[in-house]
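Topology and contacts: notes
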Amino acid sequence: MKNKSPWAWVPTLYFAEGVPYFVVNNISVMMFAKMGVPNGQMAFFTTLLYFPWFLKGIWSPFVDVVKTKRWWILSMQALLAVLMILLTVTLPHPSPELIASGGTSIGLFRFTLLLFIIAAFASATHDIAADGFYMLAQDSGSQAAFIGIRNTFYRISSVFGQGVLVFIAGRIERSSGDIPFSWQVSLGVAAVVFCLVTLYHTFVLPRCAEDCPREGAGASTWRELGNSFKTFFTKKGVVLAVVFMLLYRLPEGFLVKLCQPFLIDSAERGGLALGTDTVGVVYGTVGVIALLLGGILGGVFVSRVGLKKAFWWMAAAITLPDLVYVYLAAVQPSDLALIYAAIAVEQFGYGFGFTAYTLYMMYFSDGAFKTSHYAICTAFMALSMMIPGFVAGFIQEAIGYLAFFWMVMVCCLATLVAVLLVHRRLPVEYGRK
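Rules used throughout
- Residues numbered from 1 in each chain as written.
- Predicted model: local features only at pLDDT ≥ 70, side-chain atom pairs only at ≥ 80, totals over all residues.
- Heavy atoms only, no water.
- Helix = DSSP H or I, 4+ residues; strand = E, 2+ residues; numbered from the N terminus.
- Rg over C-alpha atoms; globule rule 2.2 N^0.38 Å.
- Contact = heavy atoms within 4.5 Å.
- Lys, Arg positive; Asp, Glu negative; His and termini not counted.
- Charge placed at Lys NZ, Arg CZ, Asp CG, Glu CD.
- Buried < 20%, exposed > 50% of the residue type's maximum accessible area, 1.4 Å probe, protein only.
- Core = buried A, V, L, I, M, F, W, Y, C linked by side-chain atoms within 4.5 Å.
- Patch = residues over 30% accessible without salt bridge, like charges linked within 9 Å, V, L, I, M, F, W, Y side chains within 5 Å.
- Areas by Shrake-Rupley, 256 points an atom, 1.4 Å probe, with all protein chains shown as cover.
- Salt bridge = Lys/Arg side-chain N within 4 Å of Asp/Glu carboxyl O.
- Phe/Tyr/Trp six-rings, centres within 6.5 Å; stacked < 30°, edge-to-face > 60°.
- Lys NZ or Arg CZ within 6 Å of the ring centre and 35° of its normal.
- Expected span 1.5 Å × (residues − 1).
- Polar contact = N/O pair within 3.5 Å; in protein donor to acceptor, adjacent residues only side chain to side chain.
- 1 Å grid on protein atoms, 1.4 Å probe; cavity = no way out; pocket = protein on both sides within 12 Å on 5 of 7 lines; lining within 4 Å.
- Points joined across faces, edges and corners; volume = space filled by probe spheres on them.
- Nonpolar A, V, L, I, M, F, W, Y, C, P; charged D, E, K, R; others polar.
- Disulfide = S-S within 2.5 Å.

1. What to know about the overall build of the protein chain
Scanning the protein chain from terminus to terminus reveals 16 helices and zero strands. Its C-alpha atoms give the protein chain a radius of gyration of 22 Å, near enough to 22 Å, the size a compact globule of 433 residues would have. The C-alpha extent of the protein chain, read off along each of the three principal axes, is 60 × 50 × 35 Å. Pairs at least 24 apart in sequence give 85% of the contacts found in the protein chain among residues at least 6 apart. Computed over 29 positive and 22 negative side-chain charges, the separation of the two mean positions in the protein chain equals 10 Å.

Below, the structure is given as structure tokens:
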């Protein structure tokens, strides 16, 4: 292997892993909402875009036996760069009147959706290759040393995707009044940045002898995959575990598709009428900081008392702060500091409470097939967000934002039931240092 420091490529590799994910799953939501696509259609079709991450474990063996991880990384990055350019130059321009009416059909964006779908599959494949390459191109000591660095730069890509790009679109919208053009500029910035990262990796990403196709591994890999599914679904308590994984985040599954559209929707429709750039700031900076802080403190809390004792506190943290949206929808405040604080509370609670979900998946995955079993758990995690996402927008359109957020609070009971189902099986000391 060429002697290149991980500092030269780990930060940019995980920044590149995050950018397309946030463009596909976050930018699409904001962009379609600002273009006047009804919430029902917007939520349904942007939820469909998440399917490749739900299914990626099925084709991950293919990445192992065809070409090298480095080849997959560079190929997917080049494809993603081309797709971002195409998204920029082909974005439809609905009229201001159509946008203002809130009746823009998602059918106008057929080609845009097709490009997003291809980008989603390319991004999910890139994730598989990047995570494999991270382990192959470093020894175990270096992997451990850089785990925090890779996670940090993935979060930086979140700030870029949810914050910077949305802020740019908002500023262009304020100065020009042209909503489609503002998103065209924002996507263009994403395309330029991703092209530069791809070019950089072409020359900097190291080559290593361990990074080679697993010759003759095709049949055995698929057999291992089959065994991992068989052993997962024959585990003791698997039904309760799956029910937990599907229900614990049910409120968040409904909330995540509508919280940002709620912030930008007009006061007449029950929203807060915030500017796009303001939403970029609150979710790209305040929200990310609160989320990270909640996750860090959640990990510290579990390490001190164990997951069993922490579980109910974490279930409360991931559910009760959703009340802030009930308050915001009922009062419709104009005080930005109050709105920022409310969203920070909700994001902090989510970060704190999600720690329990992650640790439970690790606990249930433990055993001979822990890596494969954890991948199956993450598939159920994705499914838990997709099922409510498909119908969230249609429900909100039917009952309005305030009633919708009250419905989210009722769904918090599902989280409590999910914890009740698995809590008694947990060892007292699990997760405790």
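2. Quick word on the side chain of Gln260
In this structure, Gln260 sits in helix α11 (residues 250-264). When near neighbours in sequence (up to four residues on either side) are disregarded, Gln260 contacts Asn26, Met30, Gln162, Val279 and Tyr283.

3. Looking at the side chain of Lys69
Mapped onto the elements of the fold, Lys69 is located in helix α4 (residues 69-90). Classification of Lys69 by relative accessible area gives buried; the value is 7%. Every residue in contact with Lys69, bar those within four places of it in the chain, is listed here: Val63, Asp64, Ala129, Gly132, Phe133, Leu136 and Asp211.

4. Brief notes about the nonpolar core
Core analysis: the largest hydrophobic core is formed by 100 residues, its most contacted members being Phe32, Trp183, Phe262, Tyr325 and Phe405. Top contributing element to this core by residue count: helix α1 (residues 10-34), with 16 residues. Apart from the residues within four sequence positions on either side, Tyr325 is in contact with Leu255, Cys259, Phe262, Tyr283, Ile343, Glu346 and Phe405. Of all hydrophobic cores here, the second largest spans 32 residues; its members include Phe244, Val302, Phe364 and Val419.

5. Some thoughts on a nonpolar patch on the surface
A cluster of nonpolar side chains, namely Leu292, Leu293, Ile296, Leu297 and Val300, defines an oily patch on the protein surface of about 400 Å² accessible area. Assessed through its relative accessible area of 36%, Val300 is described here as partly exposed.

6. Things to note about the packing of aromatic side chains
Tallied over the full model, the rule gives 41 aromatic pairs. Aromatic pair Phe244 and Tyr248: ring centres 5.1 Å apart, planes at 35°, arrangement tilted. With a relative accessible area of 0%, Phe244 lands in the buried category. With centroids separated by 5.9 Å and ring planes inclined at 45°, the aromatic side chains of Tyr360 and Tyr363 adopt a geometry described as tilted. Taken together, the residues span about one helical turn, with Tyr360 and Tyr363 both in helix α15 (residues 336-365) at a distance of three residues. Looking at Tyr363, the relative accessible area reads 23%, which means it is partly exposed. One cation-aromatic arrangement involves Arg150 over Tyr134; the distance from NZ or CZ to the ring centre is 4.7 Å.

7. Description of the pattern of salt bridges
Charged atoms that come close allow side chains of opposite charge to pair. Enumeration according to the criterion identifies seven salt bridges in this entry. Notably, a salt bridge pairs Lys34 with Glu173, separated by 3.2 Å at the nearest N-O pair. Of this pair, Lys34 sits in helix α1 while Glu173 sits in helix α7 (residues 140-176), and the two are 139 residues apart along the sequence. Just as Lys34 is buried, Glu173 falls in that class too. Connected through salt bridges with shared partners, the residues Arg171, Arg174 and Asp277 form a single ionic network.

8. Some thoughts on α15
The end-to-end C-alpha distance of α15 is 43 Å, a good match for the 44 Å that 30 residues give at a rise of 1.5 Å each. The opening residue of α15 is Asp335, an N-cap whose side-chain oxygen sits 3.0 Å from the backbone nitrogen of Ala337. At the C-terminal side of α15, Gly367 shows a positive phi close to 140°.

9. A few points about the layout of surface pockets
Within this model, the second largest pocket holds a volume of roughly 490 Å³. Taken together, 22 residues form the lining of the second largest pocket, with Ala33, Ile264, Asp265, Ser266 and Arg269 sitting closest to its centre. Split by residue class, the lining of the second largest pocket holds 11 nonpolar, seven polar and four charged.

10. Some words on the state of the cysteines
For the structure on display, the rule yields zero disulfides. We note that Cys411 lacks a disulfide partner, and the nearest cysteine sulfur, in Cys412, lies 7.4 Å from it. By relative accessible area, Cys411 is classed as buried at 13%.

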